Amino acid sequence: KWEIAAYIRRSSDVDGPCFLFESVEGHPGWRATGAMYASPRRILDALGVPVDRATAHYLDAINHPVPWEVVEGGKCKEVVLLGDDARVSGLPIVTHSEKDGPFITAGVQVARDPDTGVHGLGMHRMELFGERRLGLWAPDERRIGRARLKRHERGERLEIAVVIGPDPGPVLGACARGPHDREKYAIAGALLGGPLRLTRCETIDVLVPADAECVIEGYLEPGDRATEAPFGEFPGCYGGRMEVPVMTVTAVTHRQDPIYQTVLTGFPVTEDHLLNWVPMNAVVYEAAKRVCPGGV
């Protein structure tokens, strides 16, 4: 509660280090990391390019995606917890700000579009509501929100996975702005220069990064909603309390020695802003090129 967030806040303010917390009170067997994306230089390191090449590299990945490969198993499945044993309350989910609840903020949500089968990736906050229940704030116009809306309009549940601690590719790829029929996993592979290794979930029909630290599997049932706590938002103020869909957890898989990752959202500049730095540069560049094609 607050301590990990305080370290990230300080690192964000001084372009400081990423932290590994070796002993998280109340969560034996877990370590935690924060501030991984709190520095522009670490994001550039992840992309493997200098700052003057970052936007072009990102646009090239969007326009020239690299197909993934499917493998059996993976490090994310060294421990498999199913049914009643799949309790997300055991994860060291961080409370970041004074009025927050415990929110997963670095999870990459993955769900298939029911019409196209394309894997939608997004990074949306998820509040811990119970041992096997997580709230999900995902706007209807974004990929995860649209997939949920389509399923629920048909009276069907949406199968969804939450990936914690993947390689930077899926995180940076999830932030990409592009056509909804384009696979973000393939964009992520292009960002890192090679195909992602994906594996099949245990209880749902979704592919996830095989070498992630942790994967939460489950579904969003139509009509299952709850009111979330206030959340310290990216402009530096709290958002209002909203009613959000609730994910029922069916499986939790993770490495033998798992590291839980969190991302700080709050008064600029934090990890939340920097994760969108290069993707938004790409959006602005493309818009400027359309308006003034000879001068960009």
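Quick caveat, the model's predicted, so the values are computed rather than measured.

Colleague: Sorry, what's going on with the overall build of the protein chain here?
Modeller: For the protein chain, the count of helices and strands is 8 helices and 15 strands. For the protein chain, the C-alpha radius of gyration of 18 Å lies close to 19 Å, the compact-globule estimate for 296 residues. Along the first, second and third principal axes, the C-alpha set of the protein chain runs to 60 × 45 × 40 Å. In the protein chain, buried positions account for 52% of the 296 residues. In the protein chain, the share of contacts with a sequence separation of at least 24, taken over all contacts with a separation of at least 6, comes to 73%. For the protein chain, the exposed surface amounts to about 13000 Å²; the carbon and sulfur share of it is 51%.

Colleague: I'm lost on the sheet that holds strand β12 (residues 207-209) in this one. Help?
Modeller: Think of a sheet as strands paired side by side through backbone hydrogen bonds, with each pair either parallel or antiparallel. Overall, mixed pairing links the 3 strands, which are arranged β3-β11-β12 in an open sheet. Where the open sheet ends on each side, the last strands, each with one partner, are β3 (69-70) and β12.

Colleague: Help me out: how do you make sense of the sheet that holds strand β15 (residues 259-261) in this one?
Modeller: Strands sit in the order β1-β2-β15 across an open sheet of 3 strands; the sheet is mixed. Strands at the two margins of the open sheet, each flanked by one partner only, are β1 (19-21) and β15. Recorded for the sheet is a direction-independent mean angle of 25° between the axes of neighbouring strands. Looking at chain direction, strand β2 (residues 31-34) and β15 are connected through 3 bridges and run parallel. Its bridge partner being in β15, arginine 31 is matched across the sheet by isoleucine 259.

Colleague: I tried to follow the pattern of salt bridges on my own but got confused; where do I start?
Modeller: In this structure the tally under the stated criterion is 21 salt bridges. A salt bridge links lysine 77 to glutamate 202; its shortest N-O distance comes to 2.9 Å. With lysine 77 in the loop between β3 and β4 (79-82) and glutamate 202 in the loop between β11 (197-200) and β12, this pair connects stretches of sequence that are 125 residues apart. Here glutamate 202 falls in the partly exposed class, since its relative accessible area comes to 39%. Measuring nitrogen to oxygen at the nearest pair gives 3.2 Å for the salt bridge that ties arginine 197 to aspartate 211. One end of the pair, arginine 197, is in strand β11; the other, aspartate 211, is in the loop between β12 and β13 (214-227), with 14 residues separating them in the sequence. Owing to a relative accessible area of 35%, arginine 197 belongs among the partly exposed residues under this scheme. Of the residues examined, aspartate 211 reaches a relative accessible area of 23% and is grouped as partly exposed.

Colleague: Looking at this structure, I do not really get the packing of helix α3 (residues 54-63) against helix α8 (residues 277-291). What am I missing?
Modeller: For any two helices packed against each other, the geometry is given by the interaxial angle and the distance between the axes. Relative orientation of the contacting elements α3 and α8 amounts to 85°, with a least axis distance of 9 Å. With respect to α8, the axis of α3 lies roughly perpendicular. Contacts between α3 and α8 involve Ala54, Thr55, Tyr58 and Leu59 from the former and Val278, Pro279, Asn281, Ala282, Tyr285 and Glu286 from the latter. Tallied by class, residues from the contact of α3 with α8 come to 7 nonpolar, 2 polar and 1 charged.

Rules used in this analysis
Residues numbered from 1 in each chain as written. Predicted model: local features only at pLDDT ≥ 70, side-chain atom pairs only at ≥ 80, totals over all residues. Heavy atoms only, no water. Helix = DSSP H or I, 4+ residues; strand = E, 2+ residues; numbered from the N terminus. Rg over C-alpha atoms; globule rule 2.2 N^0.38 Å. Buried < 20%, exposed > 50% of the residue type's maximum accessible area, 1.4 Å probe, protein only. Contact = heavy atoms within 4.5 Å. Areas by Shrake-Rupley, 256 points an atom, 1.4 Å probe, with all protein chains shown as cover. Pairing = 2+ DSSP bridges. Axes fitted to C-alpha atoms, helices over the stretch in contact; angles between N-to-C directions. Salt bridge = Lys/Arg side-chain N within 4 Å of Asp/Glu carboxyl O. Parallel < 35°, antiparallel > 145°, perpendicular 65-115°, else oblique. Nonpolar A, V, L, I, M, F, W, Y, C, P; charged D, E, K, R; others polar.

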